Amino acid sequence: MELRTLRYFVAVAEELHFGRAATRLHMSQPPLSRAIKRLETEIGAPLFVRSPVGVTLTPVGAVLLDEARALLDQADRVRVRVSAAAGVAAITVGILGDGTDPGTARLAAAYRRSHPGIDIRVRDTDLTDPTCGLRAGLVDVALTRAPFDETALTVRELRTDPVGVVLRADDPLARRSRLRLADLDERRWFQFPQGTDPIWQSYWNGGEPREGPVVRVVQECLQAVLWNGTVGLAPLGHDLPAELAVVPLTDMAPSRVVAVWNEDDTNPLICSFTDIATAAYRH
């Protein structure tokens, strides 16, 4: 199995849709579909159940997803260590969630202008690790959202966003102009996998113990709302499918967009990166 093919597989498995996965991978859908078909042939079993609205993982696909994530994380770790040993002028940036944030685009343009000779590597991460692989040594700096365990980390706030609750558009609460957390007490909420930072989990559960389906990526959250009526919190200002709605919460602390890095890391590239990020996100 090639690492590239495994990256293709993980994208489809996380998006649960070939079209969205192709967009995420910056490629067209036909070669992505062919690559997954070849992988299924190599394994000797289907990895997805196809339908007109998307795909779901087969039991074999679920096993491969866990193994593929582990293999890709290990490959990233090797790349980081080898680059450091070779003295390559590079910085690896972890990005959580929505990489289409205008602040991210402004930061990328400004950093390219000021550091044209630097190799910038980006690592997209799911919702289970708010530090984007920072503690595991997979990235040098992360663009993410607080709160989380900040032990041995340096955190710089870039922006704050108000938070709302995502609901089905036909949910009676979706017609309200504002909601409070107490209005959602009887609902099922998103949960992150066991072992996820408890501070991070508690924030996205409104500070209370909740029950609900386990999710890893944004698309799984949206599908859980659409199919099961699950509720979850999200920063305001993001585009949603027409079938979903977001209602502002009046008693929820804003979501803090932050840059974070290991406190003992003296890499000057990180310092310049965070300075540029501060200006880009507050533009």
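Please refer to the structure higher up on the page.
Residues numbered from 1 in each chain as written. Predicted model: local features only at pLDDT ≥ 70, side-chain atom pairs only at ≥ 80, totals over all residues. Heavy atoms only, no water.

## What to know about the sheet that holds strand E7 (residues 163-168)
Strand order across the open sheet formed by three strands is E8-E7-E9, with antiparallel pairing between neighbours. At either margin of the open sheet sits one strand with a lone partner, and together these are strand E8 (232-235) and strand E9 (244-248). Ignoring which end each strand starts from, the neighbouring axes of this sheet average 45° apart. Where E7 lies against E9, five bridges are found, and the strand directions are antiparallel. For Gly164, the partnering residue across the bridge sits in E9 and is Pro248. Contacting E7 and E9, helix H7 (residues 218-228) crosses the sheet at an angle of about 45° to E7. (Pairing = 2+ DSSP bridges. Helix = DSSP H or I, 4+ residues; strand = E, 2+ residues; numbered from the N terminus. Axes fitted to C-alpha atoms, helices over the stretch in contact; angles between N-to-C directions. Contact = heavy atoms within 4.5 Å.)

## Quick look at the sheet that holds strand E3 (residues 90-96)
The five strands lie next to each other as E4-E3-E5-E10-E6, forming an open sheet whose pairing is mixed. The strands lining the two open edges of the sheet, one partner per strand, are strand E4 (119-125) and strand E6 (153-161). The mean inter-strand angle of the sheet, taken between neighbouring strand axes irrespective of direction, is 25°. Of the pairings in the sheet, the one linking E6 to strand E10 (residues 255-262) comprises eight bridges and is antiparallel in character. Counterpart to Thr154 in the pairing with E10 is Trp261.

## A word on the packing of helix H5 (residues 102-114) against helix H8 (residues 268-281)
Direction vectors running N to C along H5 and H8 enclose 135°, while the axes themselves pass 9 Å from each other. Judged on the interaxial angle alone, H8 and H5 are oblique. When the axes of H5 and H8 are compared, the crossing they make is right-handed. Here Gly103, Thr104, Arg106, Leu107, Ala110, Tyr111 and Ser114 of H5 lie close against H8, whose contacting residues are Leu269, Ser272, Phe273, Ile276, Ala277, Ala280 and Tyr281. Partitioning the contact of H5 with H8 into residue classes produces nine nonpolar, four polar and one charged. (Parallel < 35°, antiparallel > 145°, perpendicular 65-115°, else oblique. Left-handed = near helix turned anticlockwise from the far one by under 90°. Nonpolar A, V, L, I, M, F, W, Y, C, P; charged D, E, K, R; others polar.)

## Overview of the pairing of E3
Counting buried positions along E3 yields seven of seven residues, so the element is predominantly enclosed. Bridge count between E3 and E4: seven bridges; the pairing is parallel. Pairing of Thr92 across the sheet is with Arg121, part of E4. With three bridges connecting them, E3 and strand E5 (residues 141-146) associate as parallel partners. Bridge pairing in E5 links Gly94 to Ala142. (Buried < 20%, exposed > 50% of the residue type's maximum accessible area, 1.4 Å probe, protein only.)

## A look at the packing of aromatic side chains
Overall, the coordinates contain six aromatic pairs when judged by the stated rule. Aromatic pair Phe9 and Phe48: ring centres 5.5 Å apart, planes at 45°, arrangement tilted. Taken as a pair, Phe9 in helix H1 (residues 3-15) and Phe48 in strand E1 (residues 48-51) lie far apart in primary sequence, 39 residues in all. Just as Phe9 is buried, Phe48 falls in that class too. Ring geometry for Trp200 versus Trp204: centroids 5.7 Å apart, planes at 75°, classification edge-to-face. Linking Trp200 with Trp204, this pair stays in helix H6 (residues 198-204), spanning four residues, or about one helical turn. Using a relative accessible area of 11% as the deciding quantity, one classes Trp204 as buried. An aromatic cluster is present here, built from Phe192, Trp200, Tyr203 and Trp204 joined pairwise through their rings. (Phe/Tyr/Trp six-rings, centres within 6.5 Å; stacked < 30°, edge-to-face > 60°.)

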